[in-house]
Amino acid sequence: MAARKKHSAMVPRKKHYRPAGKKKEGNAARYITRSQAIKQLQVTLGFFRRLSILKGIFPREPKKKFKGNNHTYYHVKDVAFLQHEPLLDKFRDIRAYQKKIKKAEAKKNADLATLLRTREPTYKLDKLVRERYPKFVDALRDLDDCLTMVHLFAALPAVERAKIDVELIHNCRRLSHEWQAYVCRTYKLRKVFISVKGIYYQAEIEGQKITWLTPHAMQQVLPDDVNFSVMLTFLEFYETLLGFVNFRLYHSLNVKYPPILDPKLEALASDLYALSRYIVSNTRTSTLEPKAASSSTSEQLEAKEKEMQGDESELRLAQLQHQLPSNEPGALMHLMEGAECENEDDQDTKECKRLFKNMKFFLSREVPRESLLFVIPAFGGVVSWDGEAAPYKEADQSISHQIVDRPTQGHKYLSREYVQPQWIYDCINARIILPTEAYLVGRIPPPHLSPFVDNDAEGYIPDYAETIKRLQAAARNEVLPMPGVGKEDLDDPQNLLVEGYISRAEANEAAQTKKKMVTLEKQYHEELQSELQGAVMKKSKQGSAELAKTSEEPVPDPKQIAEDIDTMSKLGMSRKKRGLLEAIEKGKERNTARISKLKERKKKLKSSEN
């Protein structure tokens, strides 16, 4: 009996079957559905959605959806992260307080309801911004959607049913104009593209490329199928984030933030950017350098001195605050006029700063004024418009270009060129001053090419892109081969001497060097050929039989070998990777088909023109 007990103790017991629901493993233990998360947090769906957006927690996609495909899944750690958020208790307090207000209104106690509204608890999202973005570079990387959302709501009308109030729109406009002012005065704008959706901008700040989209200046119609409550939650966080970013950028230039604006000048009209020179040129504080007013002409200074005599006290306040007169994109353009521009040694910044240098522009009424007021000063130009508080009038003889977008122009000045707005954007993307003949009034302009598309990678280069490339090479004094001429033809020193690119002494030296290289190359080829012939003569007798045998065998087709290698590599892949590879191959086939179609259209157009 004792031996039997000892034997049974040494044999391991069989593991019992685990009943369902007792202990979860795998995806069932790591993920929970949205309804389970709401039940765990004891909040409503609206509060859960709002808190998830503010904290940056989004649904996950587990490998195996254990509850089915019609559920939304969240990670257990993310839900636990939300459970310990102090903002959750704040939302509960606000909800309880709103019930008190509703109860007072139901009892028709208007005084109590008004008193309760004045004492309603509020919250801030500053800690969430610092929590989600520990470093400033992290915030810049995540700024694309933020800027797009803020610029979108800055152009929307105030709608009560969508809870879009006037104060929200004004705040979005203020933040967007402050951002544009920094980008403009530090010359950080790099690319601009006008599309059907809106205007795409790209700036480069601290090594980070930031791209955002602004809507066209048109009447916006709010659709009914859009959930504006979710968008407003995103906007609530983005406003705080952009405020933090603007604060850091302005303080990096030793400029006070936020700017306190002059209400009288703000109420005059929109886009009063020229009045910023009026403040800077008449400043008396020691912090602003006299270089701040160097861009404005002496005639403007005399006119502004006459205008500023009536508002001495408000002017002093604005000067002490280092602020500007108008809450518009143009008015903030010269906010950093006296500050030192960072990254002065950056080559791109220098190119952008000199593009429209010594050029004066005038905008007609029909052009997109807000975009051009942002773009032209960002590349070193001076701009004015037809309206109140403009820095100079249309009759100014020093204007070099007038931007017009109408089929005909009545009165014309011979001292300036009349071009369409597309010329400005194409010059910016090409980084050179393009010829204005194709952009004159009444003519169909050339195609507006996107600077975000790599033509070499796409495999198709439009004709106008090749023209711009040649103009860029001419501006940099480079020599490009003409169509049908190879690059080796340009290497001839005599050709370069005839064209005037090098002197006679340099041409003689280059010719001697080229002759020596040709001699050495010929000698190397002769030696290599003799070595190969000697090796073949030695091995000809030994391998004659082998060569005869191999000559009888059929030569394998290289295409068949490549296909066999592809099929073998596909067999070793998993189903997911094989599907990804097939999708990539289909995309390449579609791209080649599209390029061939474009080339066929190009040939048909050329044949029809001829």
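Residues numbered from 1 in each chain as written. Predicted model: local features only at pLDDT ≥ 70, side-chain atom pairs only at ≥ 80, totals over all residues. Heavy atoms only, no water.

- The name given to the chain in an unreviewed UniProt entry is Pescadillo homolog, with Salix purpurea as the source organism.
- Of the chain, the UniProt comment under Function (unreviewed entry) reads exactly: "Required for maturation of ribosomal RNAs and formation of the large ribosomal subunit."
- Listed under Sequence similarities (unreviewed entry) in UniProt, the entry text for the chain is "Belongs to the pescadillo family." (UniProt positions renumbered as here; feature names shortened; annotations may be inferred.)

**Overview of the overall build of the chain**
Okay, step 1: In terms of regular secondary structure, the chain is built from 27 helices and nine strands.
Okay, step 2: Per-residue burial over the chain gives 36% buried out of 610 residues.
Okay, step 3: Approximately 39000 Å² of the chain is accessible, and the part contributed by carbon and sulfur atoms is 53%. (Helix = DSSP H or I, 4+ residues; strand = E, 2+ residues; numbered from the N terminus. Buried < 20%, exposed > 50% of the residue type's maximum accessible area, 1.4 Å probe, protein only. Areas by Shrake-Rupley, 256 points an atom, 1.4 Å probe, with all protein chains shown as cover.)

**A closer look at the packing of helix H18 (residues 369–378) against helix H19 (residues 421–430)**
Okay, step 1: The contact between H18 and H19 brings their axes to 11 Å, and the two run at 35 degrees. Relative to H19, the crossing made by H18 is left-handed. Here Ser371, Leu372, Val375 and Ile376 of H18 come into contact with H19, specifically with Ile424, Tyr425 and Ile428. (Axes fitted to C-alpha atoms, helices over the stretch in contact; angles between N-to-C directions. Left-handed = near helix turned anticlockwise from the far one by under 90°. Contact = heavy atoms within 4.5 Å.)

**Examining the sheet that holds strand S5 (residues 208–214)**
Okay, step 1: In space, the three strands of this open sheet follow the order S3-S4-S5, with antiparallel pairing throughout. Looking at the sheet topology across the chains shown, the edges are occupied by strand S3 (189–194) and S5. On average, each strand axis in the sheet is inclined to that of its neighbour by 15 degrees, with strand direction left out of account. (Pairing = 2+ DSSP bridges.)

**Notes on the nonpolar core**
Okay, step 1: If you look at the biggest cluster of nonpolar residues, it comprises 97 residues, and the most contacted ones within it are Leu143, Phe153, Ile164, Trp179, Leu189, Leu241 and Ile424.
Okay, step 2: When residues of this core are sorted by domain, at least three fall in each of domain 2 (129–259) and domain 3 (349–450).
Okay, step 3: Residues within four places of Trp179 in sequence aside, it is in contact with Leu143, Leu147, His151, Ile205, Ile210, Trp212, Leu242, Val245, Asn246 and Leu249.
Okay, step 4: One finds Ile101, Ala104, Ala113 and Leu116 within the second-largest nonpolar core, a separate group that totals five residues. (Core = buried A, V, L, I, M, F, W, Y, C linked by side-chain atoms within 4.5 Å. Domains from an automatic or database assignment.)

**Some points on the pairing of strand S4 (residues 199–205)**
Okay, step 1: Counting buried positions along S4 yields five of seven residues, so the element is predominantly enclosed.
Okay, step 2: Strand direction decides the pairing type here: S3 and S4, joined by five bridges, are antiparallel. Of the residues in S4, the one forming a bridge with Ile194 is Ile199.
Okay, step 3: Between the antiparallel neighbours S3 and S4 lie four residues.
Okay, step 4: Across seven bridges, the pairing between S4 and S5 is antiparallel.

**A short note on the pattern of salt bridges**
Okay, step 1: Under the definition given, this model contains 16 salt bridges.
Okay, step 2: Measuring nitrogen to oxygen at the nearest pair gives 3.0 Å for the salt bridge that ties Glu61 to Lys65.
Okay, step 3: Here Glu61 falls in the exposed class, since its relative accessible area comes to 61%.
Okay, step 4: What makes Lys65 partly exposed here is its relative accessible area of 27%.
Okay, step 5: Among the salt bridges present, the one from Glu351 reaches Arg431, with a minimum N-O distance of 3.3 Å. Residue Glu351 is found in helix H17 (residues 347–354), and its partner Arg431 is found in the loop between H19 and helix H20 (455–458); the two are separated by 80 residues along the sequence.
Okay, step 6: Owing to a relative accessible area of 33%, Glu351 belongs among the partly exposed residues under this scheme.
Okay, step 7: Connected through shared salt-bridge partners, Lys55, Glu85 and Glu131 make up one network. (Salt bridge = Lys/Arg side-chain N within 4 Å of Asp/Glu carboxyl O.)

**Some thoughts on the sheet that holds strand S7 (residues 382–385)**
Okay, step 1: If you trace the four strands from one edge of the open sheet to the other, you get S7-S6-S8-S9, paired in parallel fashion. Every interior strand has two partners, whereas the edge strands, S7 and strand S9 (417–419), have only one. The average undirected angle you get between the axes of adjacent strands in this sheet is 25 degrees.
Okay, step 2: Bridging between strand S6 (residues 360–363) and S7 involves four bridges; their strand directions are parallel.

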